[in-house]
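# Commentary on secondary and tertiary structure
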Amino acid sequence: MELRHLRYFVAVAELGSVSRAAEKLFIAQPPLSKQIKQLEDEVGVKLLLRYPRGVRLTEAGAAFLIEAKDLLARSERAKKTARHTNSLHGGAVRIGYVPSAGHVVLPRFLDELRRIRPNAEIDVQEMITPQQVQALCAREIDVGLARAPVNFARIVVAAELEDPFCLALPSRHALSGSGPIDLRTAADCTFVSSARQRAPAYFDQALALCSDAGFSPKLRYEASTLYGVLALVGAGLGVAIVPSSAVMLAPKGFTLRPLSRPTRGGSLAFVQLRGDPNPFIATLAKLATAVFAELRKDVELSLSADGRTAPFGTPPAPDPRPDEV
């Protein structure tokens, strides 16, 4: 079976006519009909039903059409990848990313990628961590920005960004201030959360932190993005558990305080398929490592600006117990 057979079949199937397909392909109708017959003989089933005024797909033909179009698309992508990779400034990459990485981490990574490979062909797709694992294994994406931990034998974590959880509070909230905070002090607060269907791992970790602290949060407001969560907090509608990288968004009206004695860690992972032979993937992993290191420094500086909070690695001052507040 050759690619030209697939192209001929797709043209006939989509146009519903051998004659119209022959015109589009700039070949005579009899040779085209012969090529389609050869394809059916090789596949071993009827793909098309012939009628006086055109053709229709059989059930097998409809299924075959999907696969044929996919194979043709992959062949085109293979050619593009080879041409781009042959260029010092090119390359092609498909990136999956979790929603919480879409505001700060992904833009930084893409900026650096464009800097070193200005002609790179980039495709990005938002997907939660389990979807990224499936897409990597199916080779539907090349790399991913996922929420750790990622425990799967075929997936490698090539770089990791510590992104611990903080409590976002309205600027005029009674608990707003500087330094780490015991989450138990917020047990009576109204909480704003992200939509679970968009970021289940993030949502579940936030809920688990509250559970570990001995209370069930009063979830009243929900937003589909991190920007939305912080906007509702800034409007004074409640408090929220957010990753520390949220400080880089710089919206107004809220304060971030690191959690003292957190029971759950938070981090983002740059993931790839184990043993991927594409040398461009190794370049991307090194780039992610550098971007993560620089971002962590910037987050630390932003969190510690004006003494608002303690940076990573600073031993937290003990919080008063809830009954002492």
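Residues numbered from 1 in each chain as written. Predicted model: local features only at pLDDT ≥ 70, side-chain atom pairs only at ≥ 80, totals over all residues. Heavy atoms only, no water.

## Re the nonpolar core
Short version of the rule: Residues grouped as a nonpolar core are buried Ala, Val, Leu, Ile, Met, Phe, Trp, Tyr and Cys residues, joined through side-chain atoms within 4.5 Å. Note on classification: 1.4 Å probe, protein chains only; a residue is buried when its accessible area is under 20% of the maximum for its type, exposed when over 50%, partly exposed between these limits. Helix numbers and strand numbers start at the N terminus; a helix is a DSSP run of H or I with at least 4 residues, a strand a run of E with at least 2. Contact between two residues is taken to exist if any of their heavy atoms lie within 4.5 Å; hydrogens are not considered.
With 63 residues, the main nonpolar core has Leu167, Val242 and Phe270 as its most contacted residues. Sort the elements by how many residues they give to this core and helix α9 (residues 279-304) lands first, with eleven residues. Not counting chain neighbours up to four residues away, the residues in contact with valine 242 comprise Pro164, Phe165, Cys166, Ala168, Tyr202, Leu226, Val229, Leu230 and Leu256. Of all hydrophobic cores here, the second largest spans 20 residues; its members include Leu6, Ala21, Ile36 and Phe64.

## Side note on the packing of aromatic side chains
Rules: For Phe, Tyr and Trp, where Trp contributes only its six-membered ring, two rings pair if their centres lie within 6.5 Å, and the inter-plane angle classes them as stacked under 30 degrees, edge-to-face over 60, or tilted in between. The rule for a charge over a ring is simple: NZ of Lys or CZ of Arg within 6 Å of the ring centre, and within 35 degrees of the ring normal.
Enumeration over the complete set of coordinates arrives at four aromatic pairs. Consider the rings of phenylalanine 165 and tyrosine 202, whose centres lie 6.1 Å apart with planes at 5 degrees: the pair is stacked. Taken together, the residues phenylalanine 165 in strand β7 (residues 165-170) and tyrosine 202 in helix α7 (residues 200-212) connect sequence positions 37 residues apart. By the burial criterion, phenylalanine 165 is buried, and tyrosine 202 matches it. Taking 6.1 Å as the distance between ring centres and 40 degrees as the angle between the ring planes, the aromatic pair formed by phenylalanine 191 and phenylalanine 215 counts as tilted. Here phenylalanine 191 is found in strand β8 (residues 190-194), whereas its partner phenylalanine 215 is found in the loop between α7 and β9 (218-223), with 24 residues between them in sequence. Positioned over the ring face of tyrosine 51 is arginine 56, at 5.4 Å from the centre of the ring.

## Re the pattern of salt bridges
Selection rule: The salt bridge criterion pairs a side-chain nitrogen of Lys or Arg with a carboxyl oxygen of Asp or Glu, the two atoms within 4 Å.
The tally for this structure, following the rule as stated, stands at 15 salt bridges. A salt bridge links arginine 4 to glutamate 2; its shortest N-O distance comes to 2.7 Å. Overall, glutamate 2 belongs to the partly exposed group, its relative accessible area being 41%. The closest approach of N and O atoms between arginine 296 and glutamate 162, which form a salt bridge, is 2.8 Å.

## Observations regarding the sheet that holds strand β10 (residues 240-243)
To be explicit about the condition: Strands were regarded as paired on the criterion that DSSP finds at least two bridges between them. Axis definition: a line fit to C-alpha positions, over the contact stretch in the case of helices; interaxial angles, taken between N-to-C directions, run 0 to 180 degrees.
A sheet is described by the order of its strands in space; here three strands give the open sequence β10-β7-β11, paired in antiparallel fashion. Every other strand in the sheet has two partners, leaving β10 and β11 (254-258) as the edge strands with one partner each. Looking at each pair of strands side by side, their axes are set apart by 40 degrees on average, direction ignored. The pairing of β7 with β11 spans five bridges and is antiparallel. The residue bridging leucine 167 from the neighbouring strand is arginine 257, located in β11. Relative to the sheet, α7 contacts β7 and β10, its axis offset from that of β10 by approximately 125 degrees.

Function cannot be read off these values alone, since they describe shape.
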